[in-house]
Amino acid sequence: MISVIGIGPSREDMTFRAVDAIKSADVIITYKSYVKYIQDLVVGKELILKGMGDEIKRAELAISKSKEGKHVALVSSGDPGVFGMGNVLFQIIGKYSGVKVEVIPGVTAVNFSAGMLGAPLHDFAVISFSDILTPISEIKRKVKAASEADFVIAIYNPLSKTRTKPFEESLKILLETKKPETIVGIVRSSEDGVDVSITTLDKLSTSKINMSTTLIVGNSMTYIEEGYMITPRGYRVSYPIHQLSREFYEKYLKGDVNEGPNIGCEYYPCHNHPQNCKFCYCPFYPCGEGSTGGKWIKDKGLWSCEDCEWIHNDKTVECIQTKLPQIIEEVDDLKNNKKELLKLRRDCIYNTRESS
Ligand code: SF4
């Protein structure tokens, strides 16, 4: 039996299952730098340490030892299925018969980094910038596709001293397809610990990036709140319909609201002139997402739209009004159909976003 085990980024992040599997193995095969994380678990066992680039040899050795009837622990950092030994082993397993394998997942760099940054992941892609086994053209194609589809993108192995081209060329693609102010989380591990910082795509400096860094590039809705990087999923926040909003939507449903700027309003411009006042009261209130500039008023339980100008853009208004009649037939639908409204909001944010 071969247990392909992911030990995560450090001993503290190992799962109980990974610890138990290493304890019960007869032979431990791993990359020599990982042994420090499992030193106390390998005492009295056959320990085989290999170097970087010896992955196929490690997998072959694991198979040969298991065929001798031994329980082998083939140990990867992170998760064995994410650029780890799982892929290597399964690539050659067809050469042999009767090899039993179990895969024990570990905390991969993207999960670890996301935890350090806050909650940056929604739908996401993981791309390694290592071009040792992958042509740069493939890396660039994947970066472009993921960026255009507005995935959050986690980048492994972004940069080394000798290998800078995948990073430089991919950053160019990201800047062409995403807004320059797109949020980027940087998590760099070293012997001294973990360094975490958050910046924007246009300010991304190579000084903090090396092979032990994971980058998480946000999507068009990612924002920073209280120092955390957040990509909202769009959960529904319950809230009563404000009386003024009710009165506004009663008029809206009768087609009796202002088109374009309402210059005659005593509060005009409540944001910036010129602004479209068609949705004087936002149909998504309270969206509870800071991606458009809205924010919670602390300790009051109130949502403030003061810094959200998005709802007053012509393109936004055009996008919303095409689908809104299918969702709101009466004012109470602002509450009853909130999930559909929030989906419409996300759709319109995506469709009204502008890249650099
Ligand atoms: S105005 Fe903006 S911040 Fe306020 S609820 Fe609407 S979308 Fe959200």
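Residues numbered from 1 in each chain as written. Predicted model: local features only at pLDDT ≥ 70, side-chain atom pairs only at ≥ 80, totals over all residues.

Student: Looking at this structure, I do not really get unusual backbone geometry. What am I missing?
Tutor: Of all residues except glycine, most have a negative phi; of all peptide bonds, most are trans. Cis peptide bonds are those with omega within 30 degrees of zero, and the linkage from Tyr 268 to Pro 269 qualifies with -10°. One can find Pro 269 in the loop between α7 (243–253) and β14 (295–297). One non-glycine residue, Asn 157, lies in positive phi territory at about 45°. By the element assignment, Asn 157 lies in the loop between β8 (152–156) and α6 (165–177). Given 21 C-beta atoms within a 10 Å radius, Asn 157 is considered buried. The backbone of Glu 226 shows a phi angle near 55°, a positive value even though the residue is not glycine. Its place among the elements puts Glu 226 in the loop between β12 (223–225) and β13 (228–230). Accessibility expressed as a C-beta count within 10 Å gives 7 for Glu 226, which makes it exposed. (Helix = DSSP H or I, 4+ residues; strand = E, 2+ residues; numbered from the N terminus. Buried ≥ 20, exposed ≤ 12 C-beta atoms within 10 Å, placed from the backbone.)

Student: Would you mind showing me how to read the pairing of β8 here?
Tutor: The two faces of a sheet get side chains in turn, since along a regular strand they alternate between them. For β8, a buried count of five out of five residues is recorded, marking the element as mostly surrounded by other parts of the structure. Of the two faces of β8, both are covered, the one formed by Val 152, Ala 154 and Tyr 156 as well as the one formed by Ile 153 and Ile 155. For the handedness criterion, the β-α-β arrangement of strand β7 (residues 124–128), helix α5 (residues 136–148) and β8 is classed as right-handed. With three bridges joining them, β8 and strand β11 (residues 213–217) adopt antiparallel strand pairing. Bridged to Ile 155 within β11 is Leu 215. (Right-handed = clockwise from strand over helix to strand, strands pointing away. Pairing = 2+ DSSP bridges.)

Student: Would you mind going over helix α10 (residues 338–352) with me for this structure?
Tutor: Given 3.6 residues to a turn, an α-helix orients residues that are three or four positions apart in the same direction. The end-to-end C-alpha distance of α10, which contains 15 residues, comes to 21 Å, matching closely the 21 Å that a straight helix rising 1.5 Å per residue would cover. The inward-facing, buried residues of α10 contact α8 (314–327) and α9 (333–336). (Expected span 1.5 Å × (residues − 1). Contact = placed C-beta atoms within 7 Å.)

Student: What's the story with α6 in this structure? I'm lost.
Tutor: In a regular helix each residue adds 1.5 Å, so 13 residues correspond to 18 Å; α6 covers 18 Å between its end C-alpha atoms and thus fits that length. Those residues of α6 lying buried are Pro 166, Phe 167, Ser 170, Leu 171 and Leu 174. Looking down the long axis of α6, one finds its buried residues gathered within 120° of arc, a one-sided arrangement. Counted as exposed and oriented over 90 degrees from the buried face of α6: Glu 168, Lys 172 and Glu 176. Close packing links the buried residues of α6 with α5 and β11. (Arc of directions from axis to C-beta.)

This is a description of form; function is not addressed.
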